[in-house]
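Topology and contacts: notes
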Amino acid sequence: MILHPSELHRKDALESIQRRGTSPSPQLHVTLNQLLRLLHVDFRLPVLLDDEASSFLGIHRRCALAAEKQKFPLLHSGANGSWNMKKTHRLQHLHAHLSSLLNPFDWENNPGIDAYEKILLAFEREHGGTLPVLLPKHVLSALEASKTIPFHFAHLDGIIILDHAPEFTELERAILVSLGRFIPIHQLINPGSFRLGHHGAFLVDEYPCDQSSLPSWVPEHTVWIPDGDAWKSPIGLEKDTKFTRIAVDDRVQIVNSTVELITQYRRHSSGRVLVID
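Residues numbered from 1 in each chain as written. Predicted model: local features only at pLDDT ≥ 70, side-chain atom pairs only at ≥ 80, totals over all residues. Heavy atoms only, no water.

1. Here we look at the overall build of the protein
Along the backbone of the protein there are nine helices and four strands. If you list the helices and strands of the protein from N to C, you get β-α-β-α-α-α-α-α-β-α-β-α-α. Computed over its C-alpha atoms, the radius of gyration of the protein comes to 24 Å, more than 25% above the 19 Å expected for a compact globule of 277 residues. Relative to its full complement of 277 residues, the protein shows a buried share of 33%. (Helix = DSSP H or I, 4+ residues; strand = E, 2+ residues; numbered from the N terminus. Rg over C-alpha atoms; globule rule 2.2 N^0.38 Å. Buried < 20%, exposed > 50% of the residue type's maximum accessible area, 1.4 Å probe, protein only.)

Here's what the structure looks like:
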């Protein structure tokens with residue numbers, strides 16, 4: 001199984017493989033979100049609930065009742081009227097950011113995120129489903145409690161994680177490490193300084209493989225060892241890659257300048273262009 005950094009990367013990779021005359025299996029090319037959905041099915045977790053207005057209204061009503069019982073003392077004292085939807089929205093957004101941590105409640109001046117999560121759990125039990133924001137936490141709990149390999153992964157030799165941006169959350173990293181108890185995981189990452197942003201995301205801080213230590217289940221290939229910090233990949237050397245910086249007088253000129261550069265390029269080449277905004 002190949003784990004792609006984004007859905008756009010996944011689709012582009014599948015199209016590239018198809019152009020070479022091979023028919024890849026889309027089920028073996030997934031993103032992290034799709035991998036979570038597979039684990040959700042394998043562990044037979046309650047069906048995913050929609051993030052609809054009706055769900056929010058039900059959660060808001062529970063928050064209002066909790067506020068009356070002083071569950072959110074830093075947000076609501078009762079002196080300035082009743083609990084309103086704006087405060088529920090604030091809790092919702094804050095919880096969405098903190099839910100990616102393994103210990104989201106262990107911090108000073110917690111406004112009641114732990115009480116809010118109890119409300120979400122009660123809402124899930126009432127409706128017999130799983131809220132998307134809590135799915136990673138439920139998957140991790142099921143993985144850690146499991147003693148057998150999940151069904152969708154039982155026939156695999158391993159998982160290859162392609163280079164990701166260095167932004168794995170604590171919860172995502174814990175899920176992949178826990179999954180690694182059942183199936184080997186191999187990462188392809190860019191070399192270079194992690195501090196400077198050259199390095200890709202990694203699950204375990206360990207020395208990279210060389211040719212002799214490459215796992216037997218990984219397709220045979222030459223392990224590339226970069227030479228110094230100012231490295232270029234073999235493809236970059238083959239294409240004589242160059243970096244060019246163009247200065248503009250005002251940021252509003254960036255879009256028009258980019259369009260003009262692409263237009264000029266397409267007049268002389270049929271290659272593909274990736275624009276990173």
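More follows now that the structure is in view.
2. Overview of the sheet that holds strand 2 (residues 29-31)
Read across the sheet, four strands follow the order 2-1-3-4 without closing on themselves; strand pairing throughout is parallel. Of all the strands in the sheet, the pair left with one neighbour each is strand 2 and strand 4 (185-187). Each strand axis lies, on average, 30 degrees off the axis of its neighbour in the sheet, ignoring direction. Two strands pair when backbone bridges link them, and strand 1 (residues 2-4) and strand 2 are joined in this way by three bridges, in the parallel orientation. When the bridges of strand 2 are listed, Leu3 appears paired with Val30. Running over the sheet, helix 1 (residues 7-19) touches strand 1 and strand 2 and is turned about 165 degrees from strand 2. (Pairing = 2+ DSSP bridges. Axes fitted to C-alpha atoms, helices over the stretch in contact; angles between N-to-C directions. Contact = heavy atoms within 4.5 Å.)

3. Focus on the layout of surface pockets
Its boundaries defined by the atoms lining it, the second largest pocket holds a volume of some 270 Å³. As for the second largest pocket, its lining consists of 13 residues, and the residues nearest its centre are Asn33, Leu36, Ser100, Pro136 and Glu172. Sorting the residues of the lining of the second largest pocket by element identifies helix 2 (32-42), helix 6 (135-145) and helix 7 (170-179) as the ones contributing at least two each. Considering only residue class, the lining of the second largest pocket consists of seven nonpolar, four polar and two charged. (1 Å grid on protein atoms, 1.4 Å probe; cavity = no way out; pocket = protein on both sides within 12 Å on 5 of 7 lines; lining within 4 Å. Points joined across faces, edges and corners; volume = space filled by probe spheres on them. Nonpolar A, V, L, I, M, F, W, Y, C, P; charged D, E, K, R; others polar.)

4. Thoughts on helix 3 (residues 53-68)
The end-to-end C-alpha distance of helix 3 is 23 Å, a good match for the 22 Å that 16 residues give at a rise of 1.5 Å each. Gln70 lies just past helix 3 and shows a positive phi near 65 degrees. (Expected span 1.5 Å × (residues − 1).)

5. Considerations on a nonpolar patch on the surface
Taken together, the side chains of Ile246, Val248, Ile254 and Leu261 make up a nonpolar region of the molecular surface, amounting to roughly 350 Å² of accessible area. Checked against the element boundaries, Val248 lands in the loop between helix 8 (234-238) and helix 9 (254-268). Look at Val248 and you get partly exposed, because its relative accessible area is 34%. (Patch = residues over 30% accessible without salt bridge, like charges linked within 9 Å, V, L, I, M, F, W, Y side chains within 5 Å. Areas by Shrake-Rupley, 256 points an atom, 1.4 Å probe, with all protein chains shown as cover. Salt bridge = Lys/Arg side-chain N within 4 Å of Asp/Glu carboxyl O.)

6. What about the nonpolar core?
Core analysis: the biggest nonpolar cluster contains 29 residues, and Leu35, Leu39 and Phe153 have the highest contact counts within it. If you list the elements that add at least two residues to this core, you get helix 2, helix 6, strand 3 (159-161) and helix 7. Not counting residues within four places of it along the chain, the set of residues in contact with Leu39 comprises Val139, Leu143, Pro150, Phe153, Ile175 and Leu179. Counting residues in each nonpolar core, the second largest holds 19 residues, with Leu98, Ile113, Ala115 and Tyr116 among its members. (Core = buried A, V, L, I, M, F, W, Y, C linked by side-chain atoms within 4.5 Å.)

7. Quick word on the environment of His127
As for its placement among the helices and strands, His127 is situated in helix 5 (residues 113-127). Taking the relative accessible area as the measure of exposure, His127 reaches 41% and is therefore partly exposed. In this structure, the C-alpha to C-alpha distance between His127 and Pro46, residues 81 residues apart in sequence, is 9.5 Å. Separated by 3.0 Å, the side chain of His127 and the backbone oxygen of Phe123 make a polar contact. (Polar contact = N/O pair within 3.5 Å; in protein donor to acceptor, adjacent residues only side chain to side chain.)

8. A look at the side chain of His60
Looking at the secondary structure, you find His60 in helix 3. A polar side-chain atom of His60 sits 2.7 Å from a polar atom in the side chain of Thr88. If sequence neighbours within four positions are ignored, His60 has contacts with Trp83, Asn84, Met85 and Thr88.

9. Let's talk about the packing of helix 2 against helix 6
In contact at an axis separation of 10 Å, helix 2 and helix 6 are set at 55 degrees when each is read in the N-to-C sense. Considering the angle they form, helix 2 stands oblique to helix 6. With respect to the hand of their crossing, helix 2 and helix 6 are arranged in left-handed fashion. Counting all contacts with helix 2, which are made through Leu36, Arg37, Leu39 and His40, the residues of helix 6 involved are Leu135, Pro136, Val139 and Leu143. Along the lines of polarity and charge, the residues of the contact of helix 2 with helix 6 split into six nonpolar, one polar and one charged. (Parallel < 35°, antiparallel > 145°, perpendicular 65-115°, else oblique. Left-handed = near helix turned anticlockwise from the far one by under 90°.)

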